[in-house]
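# Structure assessment
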Amino acid sequence: MAKHFVIIGAGQAGVQAVQSLRAGGFVGRLTLLGDEAYPPYQRPPLSKAYLLGTFARERLFLKGDEFYHEAGCELVLNTRATAIDRAARTIALSDGRTLSYDKLLIATGTRVRKLRCLGTDLPGIHYLRDIADVDGLQSEFKPGARMAVVGGGYIGLEVAAVGAKRGLQVTVFESAARLMPRTVSKPVSDFYAQEHLKAGVTLELNTLVAGFEGKDRVEAVRAGGVSHPADLVLVGIGVVPNDELAAAAGLTCSDGIVVDRNAMTSDPAIFAAGDCTRHHGRDGVEIRLECVQNAIDQAKHAALAMMDRPKDYGEVPWFWSDQYDLKLQIAGLARPGDSIVVRGDPALRKFAVFHLRAGRVAAVEAVNAAPEYLIGKKLIAADAEIPPEKLVDTSLAMKAFA
Ligand code: FAD
């Protein structure tokens, strides 16, 4: 009888797995199950061009209806997987049905981390993860409105940049001493702080939000012992992995579903890919990545392993962020203890920070600097050793290092 592969989570990783399974020759039955109302869509534009209003909704969808039809994939939407019975190899669904599987891929992604403090339930406090969140935000996203952004990470800063562009009065509250503290180096943080200030955004660094005030809806943010008036609030303080389904089924989880280099979980019939997973990165350190690259690449490796053709996953992670007219592109993973060198001049709004570990290029953060990013990524993949004085010498074109 034809094998049945089921994918739980109709997102970036889920749809990639469908594509890779069919491209790889899997001819059995295929079901993609999602709890949202929409077919798989890309989330990055949600906090960027889609929020700005320059990116049509139809463009969000990763594939058209004909893709699922041609792939012979049953796309089941608005339906949640509620339990996995590993012994019986079945999945219980929110609509009361039960699906049996031969192999299962869990690609359930993440959900927003909620702020726990006074007043968090007041209307006017928003989070951003899905299309409905942006739709809810849009009606309050009006020129002149005072928007408080809680969290100076990627999402918060992208929304702040769109808000400033659309004429809102934006204040960003960040508990750390600098912006994007977990993900970029200090020179990049400092550069972005200047850009946001230039755009009229107020930055409240070293400031912990203690709560929200308001009668019928949010009217102020309480932070640093002061009430900051606000008409709306966007909270962007990170995400948590949707690993409860896997954990309840007895799969090994630790802030994410633990998978090996072939995206296999602790059950050889069950695989996991994307934001919901934790794996050993290229440098052997355990990591949970929240980016499109990992969703796509890990899903490709999961598909191979599901077809019994496992191939080790060791791609260089990459990420991007759009704020104003600035393109930040990051490849590799920086670690504490790396030495950094800056190539180019931040004042010219075009520069790159290279992270060196034991003399080798380990990561690059490039601002409006595509060659530094593209060739930097290759240098990281090759574990290349480039003398720092050469890396910073802009009279040497990046392709000289390739
Ligand atoms: P998702 O795409 O989140 O898909 C998981 C799906 O599974 C969801 O639809 C979820 O509802 C569903 N699901 C969960 N549990 C169940 C269940 N029990 N049953 C059925 N369905 C279930 N990354 C970048 O690389 N660059 C960026 O610039 C960038 N910007 C971003 C901006 C925003 C606003 C957001 C929210 C994310 C951004 N990301 C960005 C991150 C990127 O979108 C994610 O890394 C990517 O979507 C992960 O794909 P995934 O398939 O693992 O999860």
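Residues numbered from 1 in each chain as written. Predicted model: local features only at pLDDT ≥ 70, side-chain atom pairs only at ≥ 80, totals over all residues. Heavy atoms only, no water.

## Side note on the overall build of the protein
Of regular secondary structure, the protein possesses ten helices and 26 strands. For a compact globule of 402 residues, the expected C-alpha radius of gyration is about 21 Å, and the protein comes in at 22 Å, within 12% of that figure. Projected onto the principal axes, the alpha-carbon positions of the protein cover approximately 65 × 60 × 35 Å. Out of the 402 residues belonging to the protein, those deemed buried represent 51%. Considering only contacts in the protein between residues 6 or more positions apart, those separated by 24 or more positions represent 60%. If you sum the accessible surface of the protein, you get close to 17500 Å²; carbon and sulfur atoms cover 53% of it. Side chains of the protein give 47 positive and 47 negative charges; the mean places of these two sets differ by 2 Å. (Helix = DSSP H or I, 4+ residues; strand = E, 2+ residues; numbered from the N terminus. Rg over C-alpha atoms; globule rule 2.2 N^0.38 Å. Buried < 20%, exposed > 50% of the residue type's maximum accessible area, 1.4 Å probe, protein only. Contact = heavy atoms within 4.5 Å. Areas by Shrake-Rupley, 256 points an atom, 1.4 Å probe, with all protein chains shown as cover. Lys, Arg positive; Asp, Glu negative; His and termini not counted. Charge placed at Lys NZ, Arg CZ, Asp CG, Glu CD.)

## As for the site of the ligand
Close contacts around the ligand come from 32 residues, with Ala13, Asp35, Glu36, Lys48 and Asp275 the closest. One of the backbone N or O atoms of Cys291 is found 3.1 Å from an oxygen atom in the ligand. One of the backbone nitrogen or oxygen atoms of Val292 is found 2.9 Å away from an oxygen atom of the ligand. Counting residues per element, the ones that place at least two in the shell around the ligand are helix H1 (12-23), helix H8 (292-306) and strand E22 (318-323). Tallied by class, the residues present in the shell around the ligand amount to 14 nonpolar, ten polar and eight charged. (Near = heavy atom within 4 Å. Polar contact = N/O pair within 3.5 Å; in protein donor to acceptor, adjacent residues only side chain to side chain. Nonpolar A, V, L, I, M, F, W, Y, C, P; charged D, E, K, R; others polar.)

## Some thoughts on the domain arrangement of the protein
Here the domain parsing of the protein yields domain 1 (4-111 + 239-306), domain 2 (125-235) and domain 3 (325-401). Here the C-alpha centroids of domain 1 and domain 3 sit 32 Å apart. If you look at the interface, domain 1 gives five residues, while domain 3 gives six residues. Summing both sides of the interface, domain 1 and domain 3 together bury roughly 390 Å²; the carbon and sulfur share of this comes to 45%. (Domains from an automatic or database assignment. Buried area = accessible area lost by both parts, 1.4 Å probe.)

## With respect to the nonpolar core
Core analysis: the biggest nonpolar cluster contains 42 residues, and Leu46, Phe141, Met147, Val170, Val172, Tyr192 and Leu328 have the highest contact counts within it. A total of seven residues in this core trace back to one element, the largest contributor, which is helix H5 (residues 154-165). The next biggest cluster of nonpolar side chains, apart from the first, holds 27 residues, and it includes Phe5, Ala17, Ala273 and Ala305. (Core = buried A, V, L, I, M, F, W, Y, C linked by side-chain atoms within 4.5 Å.)

## Quick notes on the environment of Ile380
Mapped onto the elements, Ile380 comes out in helix H9 (residues 370-381). Not counting chain neighbours up to four residues away, the residues in contact with Ile380 comprise Arg282, Val316, Ala331, Gly332, Val361, Ala362, Ala363 and Val364.

## Regarding the sheet that holds strand E14 (residues 220-223)
A sheet is described by the order of its strands in space; here three strands give the open sequence E13-E14-E15, paired in antiparallel fashion. Each edge of the open sheet carries a strand with a single partner, namely strand E13 (209-213) and strand E15 (226-229). Taking the axes of each pair of neighbouring strands and ignoring which way they run, one obtains an average angle of 25 degrees across the sheet. With four bridges joining them, E13 and E14 adopt antiparallel strand pairing. Its bridge partner being in E14, Phe212 is matched across the sheet by Val221. (Pairing = 2+ DSSP bridges. Axes fitted to C-alpha atoms, helices over the stretch in contact; angles between N-to-C directions.)

## Concerning the side chain of Gln12
Structurally, the position occupied by Gln12 is in helix H1. Since its relative accessible area comes to 17%, Gln12 is described here as buried. In this structure, Gln12 is in contact with Gln42, Leu62, Val292, Ala295 and Ile296, ignoring residues within four places of it in sequence.

## A word on the packing of H1 against H8
At a minimum axis distance of 8 Å, the contact between H1 and H8 shows a crossing angle of 40 degrees. By the angle between their directions, the pair H1 and H8 is classed as oblique. Between H1 and H8 lies a crossing of right-handed hand. On H8, the residues touching Gln12, Ala13, Gln16, Ala17, Ser20 and Leu21 of H1 are Val292, Ala295, Ile296, Ala299, Lys300, Ala303 and Met306. Each residue belonging to the contact of H1 with H8 can be placed in one class, and the counts come to nine nonpolar, three polar and one charged. (Parallel < 35°, antiparallel > 145°, perpendicular 65-115°, else oblique. Left-handed = near helix turned anticlockwise from the far one by under 90°.)

## Let's talk about the sheet that holds strand E18 (residues 257-258)
Read across the open sheet, the three strands follow the order E18-E20-E21; overall the sheet is mixed. A single partner strand is all that each edge strand has here, and the edge strands are E18 and strand E21 (286-287).

## Considerations on the pattern of salt bridges
According to the stated counting rule, one finds 28 salt bridges in the structure shown. Across the pair Glu213 and Arg222 runs a salt bridge whose closest N-O atoms are separated by 3.9 Å. When the shortest N-O distance is used, the salt bridge between Arg261 and Asp312 registers 3.6 Å. You can see Arg261 sitting in the loop between E18 and strand E19 (270-272) and its partner Asp312 sitting in the loop between H8 and E22, a full 51 residues away along the chain. (Salt bridge = Lys/Arg side-chain N within 4 Å of Asp/Glu carboxyl O.)

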